[in-house]
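One-letter residues, chain by chain:
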Amino acid sequence: MTDTLAPGKPAKLIIDGKAVDAASGETFTTWNPATEEPICEVAKAGPEDANRAVQAARAAYDSGPWGRMRPAERQRLLWKLGDLILEHADEIGRLETLDNGKPIFESRQIDAPMVANCFHYFSGWATKLTGDTVPVNPAFFTYTLREPLGVVGAIIPWNFPMIMVGWKAAPALAAGNCVVLKPAQETPLTAVRIGELALEAGLPPGVLNILPGPGSSVGAALVKHPGVDKITFTGSTEVGKQIMRDCADTVKKVTLELGGKSPNIVFADADLDAAVRGAYNGIFYGKGEVCAAGSRLLVEKSIHDEFLAKLVERAQKVQPADPLDPKTRLGALVNESQMKKVLGYVETGVSEGATIAAGGKRRPVNGKGWFVEATVLSGVSNSMRVAQEEIFGPVLAVIPFDGVDDAVTKANDIFYGLASGVWTRDVKKAHLVARRLAAGTVWINTYNFYDPGMPFGGVKGSGFGRDLGADSVREYSQVKSVWTSIE
Ligand code: TAP
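A. Examining the overall build of the protein chain more closely. Scanning the protein chain for helices and strands turns up 16 helices and 19 strands. Scaling as 2.2 N^0.38, a compact globule of 487 residues should have a C-alpha radius of gyration of about 23 Å, and the protein chain matches this with 23 Å. Based on the C-alpha atoms only, the size of the protein chain along its principal axes is roughly 75 × 65 × 40 Å. Contacts in the protein chain between residues at least 24 apart in sequence constitute 74% of all its contacts with a sequence separation of at least 6. A total of about 18700 Å² of accessible surface is found on the protein chain, and carbon and sulfur atoms cover 53% of it. Computed over 52 positive and 55 negative side-chain charges, the separation of the two mean positions in the protein chain equals 2 Å.

B. Just the sheet that holds strand β11 (residues 263–266), in detail. The seven strands lie next to each other as β13-β14-β15-β12-β11-β16-β17, forming an open sheet whose pairing is mixed. Since the sheet does not close on itself, it has two edges, and those belong to β13 (355–358) and β17 (441–444), each with one partner. Neighbour-to-neighbour, the strand axes of the sheet open up by a mean angle of 25 degrees, direction not taken into account. Pairing of β13 with strand β14 (residues 375–378), which is carried by three bridges, proceeds in the antiparallel orientation. By the bridge assignment for β14, Ile-356 is matched with Leu-377. Along the sheet, helix α15 (residues 427–436) makes contact with β11, β16 (419–423) and β17, crossing β17 at roughly 165 degrees.

C. Region of interest: unusual backbone geometry. Positioned with a positive phi, Glu-36 is a non-glycine residue whose angle comes to about 65 degrees. Looking at where Glu-36 falls in the secondary structure, it is placed in the loop between β3 (27–32) and β4 (37–43). Judged by relative accessible area, Glu-36 falls into the partly exposed class, the value being 26%. Even without being glycine, Val-251 reaches a positive phi, approximately 50 degrees. With respect to the helices and strands, the residue Val-251 is situated in the loop between α9 (237–248) and β10 (253–257). Judged by its relative accessible area of 73%, Val-251 is exposed.

D. Region of interest: the pairing of β3. On β3, burial follows the alternation: Phe-28, Thr-30 and Asn-32 on one face are buried, whereas Thr-27, Thr-29 and Trp-31 on the facing-out side are not. Across six bridges, the pairing between β3 and β4 is antiparallel. Considered in β4, the bridge of Thr-30 is made with Cys-40. What sits between β3 and β4 in their antiparallel hairpin is a turn of four residues, with Glu-36 showing a positive phi close to 65 degrees.

E. Inspection of the site of the ligand at higher detail. Around the ligand sit 28 residues, and of these Trp-158, Gln-185, Gly-215, Ser-236 and Lys-341 come closest. Take Lys-341: an N or O atom from its side chain is 2.6 Å from an oxygen atom of the ligand. Of all the elements, helix α8 (residues 215–224) adds the most residues to the shell around the ligand, at three residues. Tallied by class, the residues present in the shell around the ligand amount to 14 nonpolar, 10 polar and four charged.

F. Inspection of the packing of helix α4 (residues 89–100) against helix α5 (residues 104–123) at higher detail. It is the contact of α4 with α5, at a shortest axis distance of 8 Å, that shows an interaxial angle of 130 degrees. It follows that α4 is oblique to α5 by the angle criterion. At the point where α4 passes α5, the crossing takes the right-handed sense. Residues Ala-89, Asp-90, Gly-93, Arg-94, Glu-96 and Thr-97 of α4 pack against Ile-104, Ser-107, Arg-108 and Ala-112 of α5. Looking at the contact of α4 with α5 residue by residue, the classes come out as three nonpolar, three polar and four charged.

G. Expanded view of the packing of aromatic side chains. On inspection of all chains with the given rule, the structure shows 12 aromatic pairs. Through pairs of rings, three or more aromatic residues link up here, namely Trp-167, Trp-443, Tyr-447, Tyr-450 and Phe-456. It is Lys-230 that lies over the ring of Tyr-476; its NZ or CZ is 4.8 Å from the centre. A cation over an aromatic ring shows up here: Arg-329 above the ring of Phe-105, its NZ or CZ 3.7 Å from the ring centre.

H. Fine view of helix α10 (residues 272–284). Compared with the 18 Å implied by 1.5 Å per residue over 13 residues, the 18 Å span of α10 between its first and last C-alpha is a close match. α10 sits mainly inside the fold: 10 of its 13 residues count as buried. Listing the buried residues of α10 in full gives Leu-272, Ala-274, Ala-275, Val-276, Gly-278, Ala-279, Tyr-280, Gly-282, Ile-283 and Phe-284. In this fold, the buried residues of α10 make contact with β11, β12 (296–300), α11 (304–317), β14, β15 (395–401) and β16. You can read the cap of α10 off the contacts: a side-chain oxygen lies 3.3 Å from the backbone nitrogen of Asp-273, and it is on Asp-271. Directly beyond the C-terminal end of α10, a positive phi value near 65 degrees is found at Gly-286.

I. Inspection of the pattern of salt bridges at higher detail. Following the criterion strictly, the structure yields 27 salt bridges and no others. A salt bridge links Arg-52 to Asp-49, with the nearest nitrogen and oxygen atoms 2.6 Å apart. Placement of the pair is Arg-52 and Asp-49 together in helix α1 (residues 47–62), with a separation of three residues, close to one helical turn. What makes Arg-52 partly exposed here is its relative accessible area of 33%. Between Glu-373 and Lys-361 there is a salt bridge; the shortest N-O distance is 3.9 Å. Of the two residues, Glu-373 is situated in the loop between β13 and β14 and Lys-361 in the loop between β13 and β14; the sequence distance between them amounts to 12 residues. Salt bridges sharing partners connect three or more residues here, namely Arg-58, Asp-62 and Asp-229.

Parameters at a glance
- Residues numbered from 1 in each chain as written.
- Predicted model: local features only at pLDDT ≥ 70, side-chain atom pairs only at ≥ 80, totals over all residues.
- Heavy atoms only, no water.
- Helix = DSSP H or I, 4+ residues; strand = E, 2+ residues; numbered from the N terminus.
- Rg over C-alpha atoms; globule rule 2.2 N^0.38 Å.
- Contact = heavy atoms within 4.5 Å.
- Areas by Shrake-Rupley, 256 points an atom, 1.4 Å probe, with all protein chains shown as cover.
- Lys, Arg positive; Asp, Glu negative; His and termini not counted.
- Charge placed at Lys NZ, Arg CZ, Asp CG, Glu CD.
- Pairing = 2+ DSSP bridges.
- Axes fitted to C-alpha atoms, helices over the stretch in contact; angles between N-to-C directions.
- Buried < 20%, exposed > 50% of the residue type's maximum accessible area, 1.4 Å probe, protein only.
- Near = heavy atom within 4 Å.
- Polar contact = N/O pair within 3.5 Å; in protein donor to acceptor, adjacent residues only side chain to side chain.
- Nonpolar A, V, L, I, M, F, W, Y, C, P; charged D, E, K, R; others polar.
- Parallel < 35°, antiparallel > 145°, perpendicular 65-115°, else oblique.
- Left-handed = near helix turned anticlockwise from the far one by under 90°.
- Phe/Tyr/Trp six-rings, centres within 6.5 Å; stacked < 30°, edge-to-face > 60°.
- Lys NZ or Arg CZ within 6 Å of the ring centre and 35° of its normal.
- Expected span 1.5 Å × (residues − 1).
- Salt bridge = Lys/Arg side-chain N within 4 Å of Asp/Glu carboxyl O.

Written out as structure tokens, the structure reads:
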């Protein structure tokens, strides 16, 4: 534990290189969803703090060291931050599990290394953002400069609190921007800790500011602030639409990642055991609180019953358990209202005619916590609410289909378009279906794989713009054209 996150002391905001209280002096409590107990108090940022942080970020960018730093030096500092995150992976993983309820196996073994990997990967981009020389006319020397945007506001959700810091801040910083990041109130702790580690790594004051606090006050203030050049947001569709509207007044760039209801399609010619594992991990990894969760399982009719039986057997073997136990694979949902929302959808599914083939109930651990069983709903048709709406919990809707065209039609018959899965041994079919799916990502014979080098984002109602990969660095930079008369 650090000074900021020491027991008994409220976690602070990170503004201008310092851990500080909120201007209002207010704090809020962050809770452990597995025990229903408070973890600690956290400084509650408001509009005044947003203003302080944006001014600090502007100063670091406009006249301070970050805007003038050699890219190789930026690269070195971001790499160092990646190293520090790895060194503190046990501590950060534990904080994430306490705050979010996800199994320590996920936060320590997968999420923490992924965040470090993001800073390592994107550090390399700092020295590789180049413009072009453009042969327009012999009378001119014409070239482009690829430049940062300035100050980026990042607003992130509670389902992957530390990973989202890496996904948003690493490419933005590598491209030369300064960042003001607002974590979700539900899960502020790992973002604050990474903000501290950034200072330890040597990032200058104001380059990465962290503002835990309510979206409706500090988040909205960030979105409307004229000193912010871009908002990058991951979260719900409703808030995403509001942010887009609020960005219009100051003509800000915006990137939105708004969740999904992703189809995971199993053809009869698939390796069925691998597909069962993929279907299982596709929905139950991260308790199903995953924007890309394969929450609509489309299964070809000829294998439907056999496949469902195997999947149900697997789902019934995995029970919610203490998230701090390294053997646990199903943790607690983030809070009581999310649990109620998820259980409400199970009821809705039944009232629409679906059958609970596995799970379906709350299952406290040691008498406490917002745990829900791994739930499989069968007999679902694609028009039901449980097939169309994002549940954001461990609930899988199983939908039969008949042939390639029916699979693609059902897969695309939805507001969202974030991710999708295809399971088949037929290479030609796999790639033809991948082309026809309206989704930002297609996984073939696998599911839920991510890498900092591979772009991730949605189409249709899932939003626009890309996190990760070279595309994300481009989205945090812009092109300037320079014309020089040489005659
Ligand atoms: P949202 O309300 O969208 O919250 C996402 C982030 O936006 C949080 O940091 C939130 O702050 C902030 N925010 C809220 N209102 C804002 C505003 N007017 N201006 C600026 N920022 C604002 O999501 P949620 O309440 O956490 O979850 C609701 C549902 O969204 C879930 O049930 C799920 O379906 C979906 N969801 C999707 C995703 C992904 S990855 N697509 C992630 C989480 C949730 P505070 O929450 O701190 O107030």
